[in-house]
Amino acid sequence: MKRPLLAFLIFLLYLPTAQAQYYFGRNKVNYDHFDWHVLRTEHFDIYYYPEMQELAEIGAAYAEEAYDRLVDKFDHNINNSIPLIFYSNHLHFQQTNVTPNLIQPGVGGFFEFLKGRVVIPANGSLYDFYHVINHELVHVFMHSKANRTLKDHRKSNYAFPPLWFTEGLAEYWGEGWGSEAEMFIRDATIAGYLVPLSQMYRIYGTFLMYKEGQAICRFIAEKFGEEKLLQLIDNLWMSDSFSEVMRLTLGVNYKQFDEMWLYHLMKEKYPILDENDMPGMVSERLTRKGISTKPTFCQHNGDEKLVFVSNRVGYSNIYSMPYNGYNGERELDIVVKGERTSEFEAFNLLQSKIDANDAGELAFVAKSKGKDAIYRLKLETREVLERLQFDEIVTIFSPNWSPQGDEVVFTGVNFAGKSDLYIYNFPKERLKKLTNDFYDDRDPTWSPNGRFVAFSSDRSPTGKHGSYNLFLCKVETGEIVYLTFGDHKDLTPSWSPDGRSIVFTSDRDGAFNIWTMSLPAEKSQYVASISGVSSVEPEPLAYPTALDQATSLKKVTHFITGAFDPEWTPDGSIVFTAFENFSFQLRRLKNIENKMYTAQKVSADSLVGAPEPWRMPKLVGASQISNFRYRKKFSLDIAQSQINQDPIFGTSGGAQFAFSDMLGNEQYYFLVYNTASSQSEILENFNVAVTKVNLGKRANTAYGLYHFAGTYYNFADGFFFERRYGGFASISYPLSIFRRVEANFNVRKSEREAFGLSGDINGLLVSNFLSLTKDNSLWGASGPMDGERYSFSIGNTLDIKGAKTNFITLSADYRKYFRLGQQVSYATRFWTAMNRGKGSELYRFYMGGSWDLRLYPRWRIWGKNVFLISQELRFPFIDRFNVAFPFGGIGFSAIRGALFFDIGNAWDNRLTDILGATGFGARLRFGGFLVLRYDVGRRFAVQNIDDGFRFNQIKFDPEWYHRFFFGWDF
Amino acid sequence: MHKKLFFSLLILFFFACGAFRPHLSENAEQTSWLGVGGNLQQHHFRANGPAPPLELIDTISLSAAPVENLVALDSTIFIATKNGRIYGYHLRDGKVKGKIKLPENVVGNLGLHASGRLAVGLEIGSETLMCYDLHDGNFVWKVRAGLLASEPVVADTSVYMVARFKHVDRYSLQTGKRIWRFETESQAHAAPTLSDRELFFGTDSGELYALDRHTGAKIWHRELSSPIFASPVVDDNLVFVSAQDSTIRAFTRADGKPAWQIKAQARGWRTPALAANVLVVATGDGIIRGIEKQTGKKIWRHEAPSGIGTSPLIVGGVVYFGCLDKNVYALDVSSGKLLWQAELRGRVRTNPIAIGDFLIVGSEDKYIYIFRQGHELSVR
């Protein structure tokens, strides 16, 4: 039995990549080396690497401008330099050690409280970069102001503002209110899943909560006054309940606020239904589950398919379905499985399109070993024909085939953070850069005649405010002209098969809908395809020119929420992604020509004169800027103390400290505690450990020294006093985000004085272990649901002083999860471990308890050999329940059920019996990090198996056992 | 024996703490600062007082951050803290003379009468307006007046207050009886400003009111386009307002007609200061301006390193103000030239006041700083 603090240190002896409770977990892989520098401005220390210096300076200008504005807005300042850590793209950002957590693709940046660091990735769009900087700085100011308010009034024990408010305000004051936010709230209101403020705990931490928070802040500003948002922070000291703070500030509490807000939303949103529709009511539904996006049409050998990306089962995959006559989920084929192997670590589900050519080849992008790769895959055979990665390009989006099918155009973001269009020629293996600037160029699409590429870009003058317009690039010369113009977002253009029209998404009238623009026949001539059905070709618009003379602009859909990624198909339909009911699904509109004919023509965009593209912001006050190479300085992260009182072991107390550098690449841990029960024992019972961890390189290393001493107890050995002191070193090398190799070396003096059951130990032990670990599991509410994980380990322990100990340890833990349904899975585990050699009987494995052999007392079965086979059917039990009190409520997420069957045992010399348990379990996830477990069932044993196994040897214990504990499913 | 001595000392201590016993000296104006702004018109002005360079002679450690405004009577400064304490510190003796503990540890803002009656307005609670007699060491009355976000203003025998939730009241200083109430459309946060006839205040929805101070009747009101968080400043003919829409305005006192306005680049969080012909206004971007009061014409402009945390204080020819960069600064009132600065421990949020040749200012790090006219230049 181990002491809690000792268990903590044991955890420290394994690297932070190991997952608590078990030793699995994915890896954060440092693929790239960053030569960190610091740009010091008046209010910021900006950490960046030289390749992205220009971007860092732009970010610095954004940050200083935001700082000045927020000082005025908050009536507050930050008196120390704010550390901003920039990454030029999201894949680099995922490698940061500022947080130990793995970063998901959807995370746009974060602010952490220990050192007040703000970590921000760029993504190719300067406006997005600006928005995230603003958003995070609102957090910094809000945190400082709230802290100050509570400290001034000596109410530091009062709660900070709730998460819906902090995130909602950061978004509202960071970006304001745009089409995207409007889309979410419209959908939530009309589809009926909007959660009232008084019940916000039900959706705590979700994206919906963030958007509702933004909407609530907007309503408070419009109804009560913008200044009330700041007053809510100023008045935090007035009550520990934010509802009461709201009442004292606005005059209404949560419930009263809900009445006003919900009524306001209904009044504002429902009338929109007069002239607009929910997508599912007026278009054909093609998919229903998960998130399904980025459709592309493929016609090959008479077979017509729709290929798209979806996370309907949890993992992201690329699917295909019949274009016509689709009869449901049975006809969905998985073309590429994602998130399980290092070839397809992730697809950019919401940002990167895919495309299929006439040869039945699919071009798509997947993250693979630190960078994005373009794959060329034969749809018919699922064979990967080619995999492309480029030295200078880190992230890639939306590859699109040329009409000839031998080139792809795509968006690439390079190491410096610049987003540009590139063309890759497969036969010639040549990469050509089509644009070369800081503007964000996206969603390129080749015209049917192969001479032009239409794309979306923020290079128009209003682009600095986040607007995107459509442009046409003549491939041969690189000349770029406007197709649309205005302060709105025009995205994802797609050509009609005859090349006469372009369909695209636009929020120009407040919501994302599908629009078409056509070049009138009398103005231009067209070519339909390279086969030359019609022999004319579109002329690029003369520049500058008035767009309204050249285009016929029409709104094809009138959705209340949003439509994206339109794809024109040969049968005159448009397939697109619609947002509805908090989900993205594929929809189809047939007979689009007719819809265009009947749709009212809208005034085309007007462009007079030659608009100047916007310029990148510059830092002013050059005298206050300095630039130098990053030097590590360590500061305290955590300092905490603890006193334990145990009826058997008495009182112990201690403290632990953690230090790290600004980038989190080097960490120091110090642990000190004492378990003495009298003055004379103080020195003898001193426990201390020092550990250094290096995470800055791909191979993570840790080493340290320790001295542990105290009285312990376990059921095998009874009470004993043990002293262990020595040192350790370990290295963990990630082979990919799923697999790693670990080596541990430990030398220690071990002295054990037993008080009864077992013998003394005294030796100088050297242990070496080597492990291979893999984890690509997909997690549900209480544990893994899909995928597999394993850990195989071999080691040796040798007493180099005496000759009493020299044994080998082998351990294998394999777990596989079979997905039977959306929330149902079958889990199987096989675990075995053994010690072989001299002295091995004194080093045992323990089992029993809720984490392995269930229904047996925890760690009461031991031996130098152990095996366990667990089978478990996991299924949903109760999806959600909430308990509402007059003063508030608690929300519980899913309660899941399990039927389990375990067999195993531990032994020293001979396995004579097999123990088992079977029964039913319930798991409740609480607070997002704790799973409570309850198991009930029967134990059984198979005795005398050395005589052979017969079913009648299975003896069930007549009693029913039940156990309540905590922990994730295996 | 020891027990008796202890309890005697304890009684003496409380007795001493409770009663400050100030008396009106001959030169009351020089030894007192009775309310926000130093006078009813909130000019934040003294004709005579400390001139830079100043030297720091004492600091007072408090149990929590001080509130925005200090008051003083007969060289005793009264400092309210944000955890519901009121300290009395005597400038000449250099000692804390006593402490008053407010109910429920709630922050109270202070207004002072020359007779030694201290009006205390609480930001939350039930009996939110109370009167403390400094001579007797007792609360003489307490009333339910609504939540007060600002200082009660004591004038003659009345207490005027603006309540957060939409009313302005006049109470009798003697009895605590309400004399009149004026209801507003929206919340109000800043202390009212008085003249001999009128009472002026602004609201969160941007309304500027002029009431008859004696009867509570509305004389005029104007609607600005943005909230007013700073108190108006009143002159013989004009009323000056600095609002959240970054605009500084002047209205004629008699009927509220717009006289002039100028646009700044940031919000007006602080009440301006007024001296002779110069209106000194600070905005949220750290800019402090000297403006000709009759015309609104800019005389000078000074950029502080960070946001300005206090109202300016004009003492003779010097403007003092506190900044969020933890410094207190002194400028020449006619040119805006920097004359002196001193660094404190925390952001400076307590409006400086001048008593005799002392300058007193507070920082959010729970300290009050006492400066006195010194001999050495200490510009940094």
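Residues numbered from 1 in each chain as written. Chains lettered and ligands numbered in written order. Predicted model: local features only at pLDDT ≥ 70, side-chain atom pairs only at ≥ 80, totals over all residues. Heavy atoms only, no water.

Visitor: What is the right way to read the overall build of chain B from this model?
Guide: Per the secondary structure count, chain B includes 2 helices and 33 strands. Relative to the 2.2 N^0.38 estimate, which gives 21 Å for 380 residues, the radius of gyration of chain B is 20 Å and therefore close to what a compact globule would have. With the C-alpha coordinates aligned to their principal axes, the bounding extent of chain B is approximately 75 × 50 × 35 Å. Restricting the contact set of chain B to residue pairs at least 6 apart, pairs at least 24 apart contribute 46%. If you sum the accessible surface of chain B, you get close to 14300 Å²; carbon and sulfur atoms cover 50% of it. A gap of 4 Å separates the mean positions of the 43 positive and 37 negative side-chain charges of chain B. (Helix = DSSP H or I, 4+ residues; strand = E, 2+ residues; numbered from the N terminus. Rg over C-alpha atoms; globule rule 2.2 N^0.38 Å. Contact = heavy atoms within 4.5 Å. Areas by Shrake-Rupley, 256 points an atom, 1.4 Å probe, with all protein chains shown as cover. Lys, Arg positive; Asp, Glu negative; His and termini not counted. Charge placed at Lys NZ, Arg CZ, Asp CG, Glu CD.)

Visitor: Sorry, what's going on with the nonpolar core here?
Guide: For soluble globular proteins, the rule of thumb is that nonpolar side chains tend to be buried together. Residues Leu137, Trp164, Phe165, Met246 and Phe257 of chain A together with Leu118 of chain B are the most contacted members of the largest nonpolar core, which totals 130 residues. Residue contributions to this core peak at 13 residues, all from helix H4 (residues 126–152) of chain A. Looking at this core, you find at least three residues from each of domain 1 (37–152) and domain 2 (160–274) of chain A. Core analysis: the second largest hydrophobic core is formed by 32 residues, Ala72, Val315, Ala354 and Ile370 of chain B among them. (Core = buried A, V, L, I, M, F, W, Y, C linked by side-chain atoms within 4.5 Å. Buried < 20%, exposed > 50% of the residue type's maximum accessible area, 1.4 Å probe, protein only. Domains from an automatic or database assignment.)

Visitor: Looking at this model, I keep getting lost on helix H10 (residues 254–269) of chain A. Mind explaining?
Guide: Because an α-helix packs 3.6 residues into every turn, residues spaced three or four apart end up facing the same way. Residues and elements named next belong to chain A. The terminal C-alpha atoms of H10 lie 21 Å apart, and with 16 residues this matches the ideal 22 Å at 1.5 Å per residue to within 8%. Taken together, the buried residues of H10 touch helix H5 (163–174), helix H6 (179–191), helix H7 (207–224) and helix H9 (242–250). N-capping of H10 is provided by Asn253, with a side-chain oxygen placed 3.2 Å from the backbone N of Lys255. (Expected span 1.5 Å × (residues − 1). Polar contact = N/O pair within 3.5 Å; in protein donor to acceptor, adjacent residues only side chain to side chain.)

Visitor: For this particular structure, what's the right way to read the sheet that holds strand S29 (residues 583–589) of chain A?
Guide: The pairing of strands in a sheet comes from backbone hydrogen bonds and takes either a parallel or an antiparallel form. All names here are of chain A. If you walk across this open sheet you meet the 4 strands as S6-S29-S28-S27, and the pairing is antiparallel. Two strands close off the open sheet at either side, each with one partner strand: strand S6 (284–285) and strand S27 (562–568). Seen against the sheet, H6 touches S27, strand S28 (574–580) and S29 and runs at an angle of roughly 70° to S28. (Pairing = 2+ DSSP bridges. Axes fitted to C-alpha atoms, helices over the stretch in contact; angles between N-to-C directions.)

Visitor: In this structure, what is going on with the packing of aromatic side chains? I would like to understand it.
Guide: Note on aromatic pairs: each is described by the distance of the centres and the angle between the planes. Considering all chains together, one arrives at 81 aromatic pairs over all chains under this definition. Taken together, the ring pairs connect Phe184, Tyr193, Phe207, Phe512, Phe564, Phe579, Phe582 and Phe584 of chain A into an aromatic cluster. Seen from the ring of Trp859 of chain A, Arg858 of chain A lies directly overhead, with NZ or CZ sitting 4.2 Å from the centre. Sitting above the plane of the Phe139 of chain B ring, Lys142 of chain B keeps its charged end 5.0 Å from the centroid. (Phe/Tyr/Trp six-rings, centres within 6.5 Å; stacked < 30°, edge-to-face > 60°. Lys NZ or Arg CZ within 6 Å of the ring centre and 35° of its normal.)

Visitor: Explanation requested: the domain arrangement of chain A in the structure shown.
Guide: One frequent convention defines the size of an interface as the accessible area lost when the parts assemble. We note that the domain assignment places domain 1 (37–152), domain 2 (160–274) and domain 3 (821–970) within chain A. The C-alpha-based centres of domain 1 of chain A and domain 3 of chain A are spaced at 46 Å.

Visitor: Could you clarify how one ought to interpret the sheet that holds strand S25 (residues 513–518) of chain A in this entry?
Guide: All names here are of chain A. Reading across the sheet, the 5 strands line up as S23-S24-S25-S26-S30 and stay open at both edges, with antiparallel pairing between neighbours. Here the strands that pair on one side only, and so sit at the sheet edges, are strand S23 (490–495) and strand S30 (601–602). Sheet topology places S23 next to strand S24 (residues 501–506); 4 bridges connect them, and they run antiparallel. From the neighbouring strand, Ser494 faces S24, where its bridge partner is Val503.

Visitor: Help me out: how do you make sense of the packing of H6 of chain A against H10 of chain A in this one?
Guide: Helix-helix packing is described using two parameters, namely the angle between the two axes and the distance between the axes. Residues and elements named next belong to chain A. At a closest axis distance of 10 Å, the pairing of H6 and H10 adopts a crossing angle of 100°. Classified by the interaxial angle, the pair formed by H6 and H10 is roughly perpendicular. Note on element contacts: H10 touches H6 through Leu265, Met266 and Lys269, opposite Glu182, Ile185, Arg186, Thr189 and Ile190. In the contact of H6 with H10, the residues fall into 4 nonpolar, 1 polar and 3 charged. (Parallel < 35°, antiparallel > 145°, perpendicular 65-115°, else oblique. Nonpolar A, V, L, I, M, F, W, Y, C, P; charged D, E, K, R; others polar.)

Visitor: How do you make sense of the environment of Gly466 of chain A when you look at a structure like this?
Guide: Residue and element names in this part refer to chain A. Here Gly466 is to be found in the loop between strand S20 (452–457) and strand S21 (469–474). With a relative accessible area of 3%, Gly466 lands in the buried category. Setting aside residues up to four positions removed in sequence, Gly466 forms contacts with Tyr127 and Lys489.

Visitor: Even after reading the chapter, I still don't get the interface of chain B and chain A, so can you show me in this structure?
Guide: Counting residues at the interface gives 33 residues for chain B, matched by 27 residues for chain A. Overall, the association of chain B and chain A removes approximately 2400 Å² of surface from exposure, summing both partners, and the carbon and sulfur fraction of that is 45%. Taken as a group, Lys82, Trp269 and Arg347 of chain B account for 21% of the area that chain B buries against chain A, more than any other trio of residues on that side. Note that Lys228 of chain A is salt-bridged to Asp204 of chain B, the shortest N-O span being 2.4 Å. Counting across the chain B and chain A interface gives 15 residue pairs in polar contact (both at pLDDT 80 or more). Tallied by class, the residues present in the side of chain B that touches chain A amount to 13 nonpolar, 7 polar and 13 charged. (Buried area = accessible area lost by both parts, 1.4 Å probe. Salt bridge = Lys/Arg side-chain N within 4 Å of Asp/Glu carboxyl O.)

Visitor: Help me understand a nonpolar patch on the surface, please; the structure alone is not making it clear to me.
Guide: Residue and element names in this part refer to chain A. On the surface, Val672, Ile682, Phe686, Val688 and Val690 cluster together into a nonpolar patch covering about 320 Å² of accessible area. Within the secondary structure, Val690 sits in strand S35 (residues 686–694). By relative accessible area, which is 33% here, Val690 ends up partly exposed. (Patch = residues over 30% accessible without salt bridge, like charges linked within 9 Å, V, L, I, M, F, W, Y side chains within 5 Å.)

Visitor: Would you take a moment to explain the pattern of salt bridges for this structure?
Guide: Side chains that differ in charge, positive against negative, can pair when their charged atoms come close. Considering all chains together, one arrives at 75 salt bridges over all chains under this definition. For Lys269 of chain A, the salt bridge identified is with Glu268 of chain A, shortest N-O distance 2.5 Å. Overall, Lys269 of chain A belongs to the buried group, its relative accessible area being 1%. On the basis of relative accessibility, which here comes to 28%, the residue Glu268 of chain A falls in the partly exposed class. Between Asp255 of chain B and Lys257 of chain B there is a salt bridge, with the nearest N and O atoms lying 3.8 Å from each other. According to the relative accessible area criterion, Asp255 of chain B is partly exposed, its value standing at 32%.

Visitor: Explanation requested: unusual backbone geometry in the structure shown.
Guide: Peptide bonds are mostly trans, and most non-glycine residues show a negative phi. All names here are of chain B. Each neighbour pair has its own omega, and for Pro52 with Pro53 the value is 10°, a cis peptide bond. Looking at the secondary structure, you find Pro53 in the loop between strand S1 (45–46) and strand S2 (54–61). The phi torsion at Gln42 lies on the positive side, around 60°, for a residue other than glycine. Unusually for a residue other than glycine, Ala276 sits at a positive phi of about 45°.

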